[in-house]
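Residues per chain, in single letters:
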Amino acid sequence: LADRAQSLANQILDRMANENKEFNESIIKTFEEISSKILEVPNTVEEMVNLQKFIDKARMLDMRSLEDNVDESKKRLNFMITYSELKRDDYELNSTLFSWPQHILPVFGEGDTILLKARQQNQEDLKIRREKLDTELDGYSKQTEEYYSFGDYAEISKYLKTAQKHQARVDSITEKIQQFNYEEDLFGWEPTKFPVLQETVQAISPFLTLYQTSVDFQRCYHTWMTGSFLKLDPEIVENEVGNMWRNMYKLCITFTNDPYPLEIAEITKEQIERFKIHLPLISVLCNPGLRERHWKDISQHVGFRLQPDETTSLNSMLERNLSEFMPKLEEISTTATKEYSFEKALQKMYGEWQSIEFGTVEYRDTGTYILSSVEDIQLLFDDHIVKTQTMRGSPFIKAFEEETKAWEEKLITMQEIMDEWLKVQSTWLYLEPIFSSDDIMRQMPSEGKRFISVNKTWKEIMGYCAAEKLVLKVCSMPDLLPKMKESNQELELIQKGLNHYLEIKRLYFPRFFFLSNDEMLEILSETRDPTRVQPHLKKCFEGVNSLEFESNLDITGMYSAQKEYIKFIGTVSTADAQGSVEKWLLDVEKSMILSMKDVVANSHNAYRDNSRESWVLQWPGQVVLTVSQIYWTHEVEIVLLEGRQNGLKKYAELSTERLSKIVELVRGNLSKLNRITLEALVVIDVHARDVITKLDEEKTKSVNDFSWLSELRYYFDKDQGVLVKMISSVQKYGYEYLGNTA
């Protein structure tokens, strides 16, 4: 064990030694990098400033961190000397490390010396460069003056090249000045301003514009006059001519007092103005909307065949002296422009529909698809139909009337297909879960066959749509619209049949009127499993939350929401109904009434044989409240019939005593159901006591007094059951089970 411990200790010490070695080497490397960087001689102002920043950071931050690391290394060395033997390499490494804090100090001093020399050198260099820049700028400024003597229009291309070279040299010195100002800023100096530079730039600019515009016009003029007439774009030509003319107009004003450049400007301006005369003809005859029918019309009016081809030039068109026909040519061109706008609008609409696709998603496990996200398609239909109808109302649509009419009809047909499609989808989505039930198919064979037919058509169409996707292609599917319309007609017949079927069921069992169509269909689609009715019982029977099913699915009782149980006096067989839910539910209703009537009768008989305190805990809450009120009515009438003095007062005291006993029961340990029953009974008993007190105060003497007849009274008749009376009204108790609610 001791050897094992020693071995582990040696391993730990070896690892620590390696870590210390790596730590020391990293510190030494940092010292060396700092020393090397400090001793680098800067060649530029930027390098000098960066070196200054590095030295300042090294002094303020890096050295503190390095000194802390050296102290840490000393602590590690002391530990290693105490617990292990160091190698010679380790001693040498530590010796080198510990000498660096002193060794680095003169390096910083040498770095400061290098910085001082570099600063002095760069300052002198900046002063020399400033003088050179001033001299160079003066030369460029003086060179500008020679442009005022350039007046030979034939040498305009030569003048342009000279000005461009001059501008390139000015751009170059501008970059030098920007760099010079940047270096001045690094020194913290106020940037030197070179006013001559801005003056030179401003002086060159008008000459450069003059020469460039003149050369450009000569080049464009040759292209426009001799090039292909069909390739001329009136809008581009007009814009370029307009820009050139404006340049020349401004330059004529600029060079008012300078005869040579003014002469060049005026010559170019005059040439441009002469060419501008031809712009109306170019605008009219180079109209991209001109088609063969327009050229025939033009030829008819000018008296000779006129239809340019690739070899036709502007020169050749001008030679035909068409100016006298300009009013009619402009009229034809305007018509062509309008027609061309319609042509482009139609092409744009065609193009937009090329990539529009139907969005489809798989629908559950039906093996088919449904449409999704059709809002954008519907908006596009609306937009394009409005545009097309607006175009058809224009007097310029004649050339495209048939095409536009065909496109409008196609759009309207596709929109009608979409409307019918969405209508079919909506109804199909509603009916598909219904007719996927074998029970519904068995009960509605005629509608089932119709749905199978519609479903087959739907799957064929959606399969094609999911594969092709493109709206134009899908809507071109043969007989798509008739199929959709036929499907909608069939689905309407199916829905009518379904509604009629549900109406019959409701008339047979009226409590179905409390259920929605979807809830009824959920019940009717699972007739083989009567327990599926359970979630909907609450809507059919106020107090019935669930039924008690035997293993053979016979029903033997009912539960309230509070789990109060009422056993049926007979068994309701769901099998005898042969899948007709409404039949066995009607039997449940009858059993509920008969069972409640039996329980009330038994409870009425038991009341006389048991103390009231024990009796209230043995029967369902509704029965306790009903029978308690029967006996209260009976006892009050006995008191009135006996006519004893203070009879009502004594009965009120008896009622208070009974109430106190019930309250005591409430304070004890009770089941949840019994507590709910007694809470309701306390309310009834308090009301009954208050009625007796009021009768006593009103000096009621007879059972025929209005004060008594106006109260709600319960009676029990062996033949008719419970009767409820008030004044002259007599109603039979309904025996509807209401559960046990407070």
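Here we summarise the structure given alongside this text. (Residues numbered from 1 in each chain as written. Predicted model: local features only at pLDDT ≥ 70, side-chain atom pairs only at ≥ 80, totals over all residues. Heavy atoms only, no water.)

## Details of the overall build of the protein chain
As a reminder of what qualifies: Elements are defined by DSSP. Helices are runs of H or I of four residues or more, strands are runs of E of two residues or more, and each kind is numbered from the N terminus. Burial classes follow relative accessibility: with a 1.4 Å probe on protein chains only, a residue under 20% of its type's maximum area counts as buried, one over 50% as exposed, and anything between as partly exposed. Here, residues are in contact when the closest pair of their heavy atoms is within 4.5 Å. Throughout, the Shrake-Rupley method with a 1.4 Å probe supplies accessible areas, and for residues the shown protein chains are the sole cover considered.
Helices and strands together make up the secondary structure of the protein chain, namely 25 helices and 8 strands. Dimensions of the protein chain along its principal axes, counting C-alpha atoms only, are 145 × 120 × 65 Å. Split into buried and exposed, the 742 residues of the protein chain put 42% on the buried side. When contacts within the protein chain are restricted to residue pairs at least 6 apart in sequence, those whose partners lie at least 24 apart make up 68%. Carbon and sulfur atoms provide 50% of the accessible area of the protein chain, an area that totals close to 41400 Å².

## A closer look at the packing of helix α6 (residues 234–254) against helix α7 (residues 259–276)
Applicable threshold: Working convention: axes come from line fits to C-alpha atoms, limited for helices to the stretch in contact. Angles between N-to-C directions cover 0 to 180 degrees. Every angle not falling under 35 degrees, over 145, or within 65 to 115 is termed oblique; those three ranges are roughly parallel, roughly antiparallel and roughly perpendicular. In a left-handed crossing the near helix is turned counterclockwise from the far helix by less than a right angle, and in a right-handed crossing that turn is clockwise. Nonpolar residues are Ala, Val, Leu, Ile, Met, Phe, Trp, Tyr, Cys and Pro. Charged residues are Asp, Glu, Lys and Arg, and all others, Gly as well, are polar.
Where α6 meets α7, the axes come as close as 9 Å, and the angle between the chain directions of the two elements is 150°. For the element pair α6 / α7, the angle class is roughly antiparallel. Crossing angle aside, the handedness with which α6 passes α7 is left-handed. In contact with V237, V241, M244, W245, M248, Y249, L251 and C252 of α6, α7 contributes L262, A265, E266, T268, K269, I272, E273, F275 and K276. The class makeup of the residues in the contact of α6 with α7 is 12 nonpolar, 1 polar and 4 charged.

## Some words on the sheet that holds strand β4 (residues 555–559)
Put simply, the test is: Pairing between two strands is assigned when DSSP locates at least 2 bridges connecting them.
Taken in spatial order, the 3 strands of this open sheet run β3-β4-β5, and their pairing is antiparallel. The open sheet has two edge strands, β3 (546–549) and β5 (565–572), and neither has a second partner. Averaged over all pairs of adjacent strands, the angle between strand axes in this sheet comes to 25°, irrespective of strand direction. Bridge count for β3 against β4 is 4 bridges, and the pairing is antiparallel. Across the sheet, S546 pairs through a bridge with Y559, a residue of β4. Where helix α20 (residues 581–609) meets the sheet, it contacts β3, β4 and β5, and its direction lies at approximately 120° from that of β5.

## A short note on helix α3 (residues 88–144)
The condition is simple: To estimate how far a helix should reach, multiply one less than its number of residues by 1.5 Å. By definition, a residue's bend is the angle between the axes fitted to the seven residues ending there and the seven starting there.
Counted at 1.5 Å a residue, the expected span for α3 with its 57 residues is 84 Å, and the 78 Å between its end C-alpha atoms agrees. Largest kink in α3: about 45°, centred on W100, with the proline P101 one to four residues after it.

Purely spatial values, then, with no claim about function.
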